[in-house]
Every structure is written in structure tokens, then in C-alpha cells.
Amino acid sequence: MNAPRTLRYPAELVESGLVSAEKLPALEDVAARYAVAITPEIVGLIDPADDADPIARQYVPDPAELRTTPDETGDPIGDKIHEVSEGLIHRYPDRVLLKFVHVCAVYCRFCFRREMVGPQAPHLTPQALENALDYIRSHPDIWEVIASGGDPLVASPRRISELVQALADIDHVKVVRFHTRVPMVAPERVTDALVASLAAPGVTGWVAIHANHPREFTPAARAAIARLADAGIPLVSQTVLLAGINDDAETLGQLMRTFVENRVKPYYLHHGDLAPGTGHFRTSLAAGQNLMRALRGRVSGLCQPTYVLDIPGGHGKAPVGPSYVETTPEAVSVEDYRGGKHPYRPDKIRTES
Ligand SMILES: *Cc1c(COP(=O)(O)O)cnc(C)c1O
Ligand code: SF4
């Protein structure tokens, strides 16, 4: 038998039994437009007999991706408007996002950068990277650099180390944050050399781990996360709210608990962006808010992410979770986790003067 490898072509998906042969022509059309990759770790998790398998739906292409609605765009969060140097997005004053590599270990079917990621241009050229670093050097307000992509942990430890060292040499840059799916989908890549490359004296490395379903925490993924945590790298999570995958309180609560059990602090629950061909994954904002309410009652405070929407047009992320405070000119009322409303009447009313 051949060593397991990443599946990249619809014909391979048919051959491996992940999709039926009659879907092949439609999937060839999907694959011509959006990159496909499913790692052995993920293939091993998929139950091909289950049409609604929450792992398969995240990674196996679907003819539904060929349907694009007028509100969807190739740049749903407005990266282009704030691109200050090739691959460098400066949307907020104190941090920049660096699209360090354009490839990923897997291609998520709901990816918000799906028109920009794929094997056609693997990473920033050395010149583009140097230009981005020059921009960061000349902007003393930049405190944090977010390495994204694509998936920055697909790069070699040597390239990551060079980036981290270059950032460590810039006095005003204190934090480098890596957004990645690698520990979950290609845990064997989290080697000692990779872990060591993520921080250097002068810059603190953080890792934001992307996972959307508790079943993604395989023994190998848990071990990869533990290698990062044991090295003292602070870990946070990010999850995309996905219809039929994690949009029920039971699954979402279990996912957040699993992060915490693995020393990953839940950070963001992203509302689905208006990326092309992803309508079948999107929920309503009201549904997301109801889930957040359910989480508040159901699981520990450690397990609460912030529910955010990246405002279309490049305006940045806004928290869109439910509010528990209702203020009228006469009174303030606060809601408890069961939905009970309570007047809040402190003895001392502070008056603005
Ligand atoms: C999401 C994002 C960030 C990071 O935002 P945080 O709220 O700090 O996690 C930074 N820059 C860009 C361009 C982003 O899209
Ligand atoms: S790993 Fe991230 S960038 Fe890559 S396809 Fe998935 S969501 Fe998109």
C-alpha cells in the first residue's frame, strides 16, 4: 500500500470512496474554481456513509459551491482596500495581517479567502516580504503582526524562523500571532523545530487554532496542541459558525469545552462571511445570537468565545453577540442566563457632570 497522501483531485475523491462517481463532472467544475486538499488525518475522520458528515462537509467539495449569490464577493471582508504592501493588510492601527503563504494544508469549502488561496502562487516572494517588513519597520504604531494566509504553518520552520527573527529585531513589534489549521489537520507538521520557530527573544509568539467540530480533535491533533502548549506558547481558538456542522448548542458547547480541555482559550466564533459559493453554510445572525445565549447558560465562562462579524467592505470585526442589558430613560434591566430579567438599581446613581 502507498503511504497516505493528501487528496487533491475529484477523481481521487471518487477513487477513495469519499464521493460518488456521478458527482464527478460537477466536482471537476468546483475544483477548477476553488482549490481542493484533504489530508490523510482528515480522510481518516470522514464517514463516507453519512451524507451530512460534519467533517466531510468542511473539506469535500460540493456542487452547491457553484451557486453564487449577488451579495457574495471574492473579497468579502475588504482586504484589498487596506492592503498597504503586497500581502500586508493594515486595517487596525496597532496590528497588521501578513499573508505569509497562500497555500493551506487543507482547503475549507467555506473559506473567506477562497479566491486568494491555492497552489498557484505558494508564498510571498522574498522582495514582497522585504517590502512588507519595511512597512512594518517604518510604522511604530504596529505592535502585533498576524501571520495568516493561507496557513502560515505550512511554511518551513526555517522560513518561519526568519520571519520571527526579523520581527523580533523591530523594537515596536512585541507580538506575532499565527492563525492556523495545521495542528488539527496535519499534526505531524508540528515538529519541535516548528514549535521552536514561533517565538524569539524580543517577540512573543501566539497561536490561534482553527477548528469547527469536536471530532477534529484526533489523538494526533491533541498531541500537536500539547507540544505547542508545553513549549509555553499561548493558544486561542477560532471557529466559523457553519450550518449543519456546528450550529447547535450541543456541538458548539462540546467544541468549546474540547478547546479548553486542550489548553486553548476560545477566542472568536466567526459569523460566515459572504464568500462566493458558501451560502449553504451560512446561518442568520439571530441564530448565532441564540446559540451564544445557549452557550452562556450551558458551559463554563472559560468556554465562551466572542461572536464576531467581519463587516463587509473592510470595516473590521464587530462583536455581534446578544446583549444582556436593556436601558430605558427610567430603568436598567439585566438578563440572567436563563432569560429572567432583573432591574438593576444601585443605591448610588452616578450622574454625569
Ligand atoms: C481579523 C483581522 C485582524 C485581527 O483582529 P483581532 O480582533 O485582533 O483578532 C487584524 N487585521 C485584519 C486585516 C483582520 O482581518
Ligand atoms: S485553512 Fe484558512 S485560509 Fe486555508 S482554506 Fe481553510 S479557512 Fe481558508
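Here the structure is a predicted model, which means the values were calculated and not measured. Residue indices follow the written sequence of each chain, beginning from 1 at its first position. Starting at A for chains and at 1 for ligands, labels are handed out in the order in which the entities are written. In keeping with the model being predicted, local features are shown solely for residues with a pLDDT of at least 70 and side-chain atom pairs are shown and tallied solely at 80 or more, while totals for entire chains, interfaces and linings include all residues. Side-chain metrics in this entry use all non-hydrogen atoms of the structure; hydrogen atoms and water are not considered.

> Let's hear about the layout of surface pockets: which residues, and what values?
A 1.4 Å probe that fits but cannot get out identifies a cavity on a 1 Å grid over protein atoms alone, an open set with protein on both sides within 12 Å along at least five of seven lines counts as a pocket, and a residue lines either if it has an atom within 4 Å of a point. Grid points are joined across faces, edges and corners, and a volume is the space filled by probe spheres set on the points. In this structure, the largest pocket encloses a volume near 800 Å³. Looking at side-chain class alone, the lining of the largest pocket contains 21 nonpolar, 11 polar and 11 charged residues. In this model, the second largest pocket occupies a volume close to 330 Å³. As for the second largest pocket, its lining consists of 19 residues, of which L18, K23, D51, A56 and V60 are closest to the centre. By residue class, the composition of the lining of the second largest pocket is 8 nonpolar, 3 polar and 8 charged. Each residue is assigned to one of three groups, with Ala, Val, Leu, Ile, Met, Phe, Trp, Tyr, Cys and Pro labelled nonpolar, Asp, Glu, Lys and Arg labelled charged, and all others, Gly among them, labelled polar.

> Help me get a handle on the domain arrangement of the protein, residues and values and all.
For interface size, the figure often reported is the accessible area lost on association. The start and end points of each domain follow an automatic or database-based domain assignment. On domain assignment, one finds that the protein holds domain 1 (10–66) and domain 2 (80–319). Computed from C-alpha coordinates alone, the two centres of domain 1 and domain 2 are separated by 24 Å. Any two residues whose heavy atoms approach within 4.5 Å are treated as being in contact. On the side of domain 2, 30 residues touch domain 1, which itself brings 24 residues to the contact. What gets called buried area is simply the loss in accessible area from a 1.4 Å probe that two parts show on being joined, summed for both. Both sides of the domain 1 and domain 2 interface together cover about 2100 Å² of buried area, and 53% of this is carbon and sulfur. Its largest share of buried area at the contact with domain 2, domain 1 owes to E41, R57 and Q58, together 30% of the area lost on that side. A pairing counts as a salt bridge when a side-chain nitrogen of Lys or Arg comes within 4 Å of a carboxyl oxygen of Asp or Glu. At the boundary of domain 1 and domain 2, one finds 4 salt bridges.

> Any chance you could break down the UniProt feature "domain: Radical SAM core" (unreviewed entry) in the protein for me, citing the residues and the numbers?
UniProt records the feature "domain: Radical SAM core" (unreviewed entry) for residues 90–302 in the present numbering. Annotated as residues 90–302, this span is 34% helix and 18% strand, and its ends, taken at the C-alpha atoms, are 30 Å apart. UniProt positions are given in the numbering used here, feature names are shortened, and annotations may be inferred rather than shown by experiment. Helix and strand definitions here come from DSSP, where helices need a minimum of 4 consecutive H or I residues and strands a minimum of 2 consecutive E residues; each element is numbered from the N-terminal end.

> So what about the sheet that holds strand 5 (residues 175–180)? Which residues, and what values?
When DSSP locates at least two bridges between a pair of strands, those strands are taken to pair. On the basis of which strands lie adjacent, the open sheet formed by 10 strands has the order 1-2-3-4-5-6-7-8-9-10 and mixed pairing. Whereas interior strands pair on both sides, the edge strands pair on one side only; in this sheet they are strand 1 (83–85) and strand 10 (316–319). This sheet shows a mean twist of 30° between the axes of neighbouring strands, independent of strand direction. Of the pairings in the sheet, the one linking strand 7 (residues 235–240) to strand 8 (residues 265–270) comprises 5 bridges and is parallel in character. The partner of Q238 across the bridge, within strand 8, is Y268. All axes here are fitted lines through C-alpha atoms, helices being fitted over the stretch that makes contact, and every angle between N-to-C directions spans 0 to 180 degrees. Lying on the sheet, helix 6 (residues 157–168) is in contact with strand 3 (95–99), strand 4 (144–148) and strand 5; it crosses strand 5 at an angle near 150°.

> I'd like to hear about the sheet that holds strand 12 (residues 332–335), residue by residue, with values.
Here 3 strands make up an open sheet; going across it, the order is 11-12-13 and the pairing antiparallel. Each edge of the open sheet is held by one strand with a lone partner, namely strand 11 (325–327) and strand 13 (341–343). Along the sheet, successive strands turn relative to each other by an average axial angle of 25°, direction set aside. One ladder, built from 3 bridges, connects strand 12 with strand 13; its direction is antiparallel. Bridge pairing in strand 13 links S333 to P343.

> Describe the nonpolar core, and please don't skip the residues or the numbers.
The nonpolar side chains of soluble globular proteins are, as a tendency, buried together. The criterion is simple. A nonpolar core is a set of buried Ala, Val, Leu, Ile, Met, Phe, Trp, Tyr and Cys residues joined through side-chain atoms within 4.5 Å. Accessible area is worked out with a 1.4 Å probe on protein chains only. A residue is then buried under 20% of its type maximum, exposed over 50%, and partly exposed in between. Counting 96 residues, the largest nonpolar core has I42, L98, I136, I160, L167, F178 and L235 as its most contacted members. With residues up to four places along the chain from it excluded, the contact list for F178 reads A147, P152, L153, I160, V164, L198, W206, V207 and A208.

> A description of the pairing of strand 6 (residues 204–210) should follow, citing residues and the corresponding values.
A large share of strand 6 lies buried, amounting to 5 of its 7 residues. Where strand 5 and strand 6 come together, 6 bridges link them in parallel fashion. Along strand 6, the bridge assignment pairs V175 with T204. Sheet topology note: the strand 6/strand 7 ladder contains 4 bridges and is parallel. When the bridges of strand 7 are listed, A208 appears paired with V236. Seen with its strands pointing away from the viewer, a crossover is right-handed if its path from the first strand over the helix to the second goes clockwise. In this view, the connection linking strand 6 to its parallel neighbour strand 7 by way of helix 9 (residues 219–230) has right-handed handedness.

> Tell me about the site of ligand 2, and please be specific about residues and values.
Looking at ligand 2, the residues that line it are C104, V106, Y107, C108, C111, G150, R181 and H210. Assessed atom by atom at 2 Å from the grid points, ligand 2 resides in the largest pocket. Throughout this document, a residue counts as near a molecule or strand when at least one of its heavy atoms sits within 4 Å of that molecule or strand. For this analysis, a molecule is said to be in a pocket or cavity if more than half of its atoms are within 2 Å of the grid points defining it.

> Now, about the site of ligand 1: what can you tell me, with residues and values included?
Close to ligand 1 lie I77, I89, R91, Y92, R95, L97, I146, R177, Y267, Y268 and K317, which account for all nearby residues. For ligand 1, an oxygen atom lies 2.7 Å from a polar atom in the side chain of Y267. Between N or O atoms, a polar contact is any pair within 3.5 Å; within protein, one atom must be a potential hydrogen donor and the other a potential acceptor, and residues adjacent in sequence are included only when both atoms are from side chains. At 3.1 Å, a side-chain N or O of K317 approaches an oxygen atom of ligand 1. At a threshold of 2 Å from the grid points, most atoms of ligand 1 map onto the largest pocket. Broken down by secondary-structure element, the contributors of at least two residues to the shell around ligand 1 are strand 2 (88–92), strand 3 and strand 8. Sort the elements by how many residues they give to the shell around ligand 1 and strand 2 lands first, with 3 residues. Its residues assigned to classes, the shell around ligand 1 shows 7 nonpolar, no polar and 4 charged.

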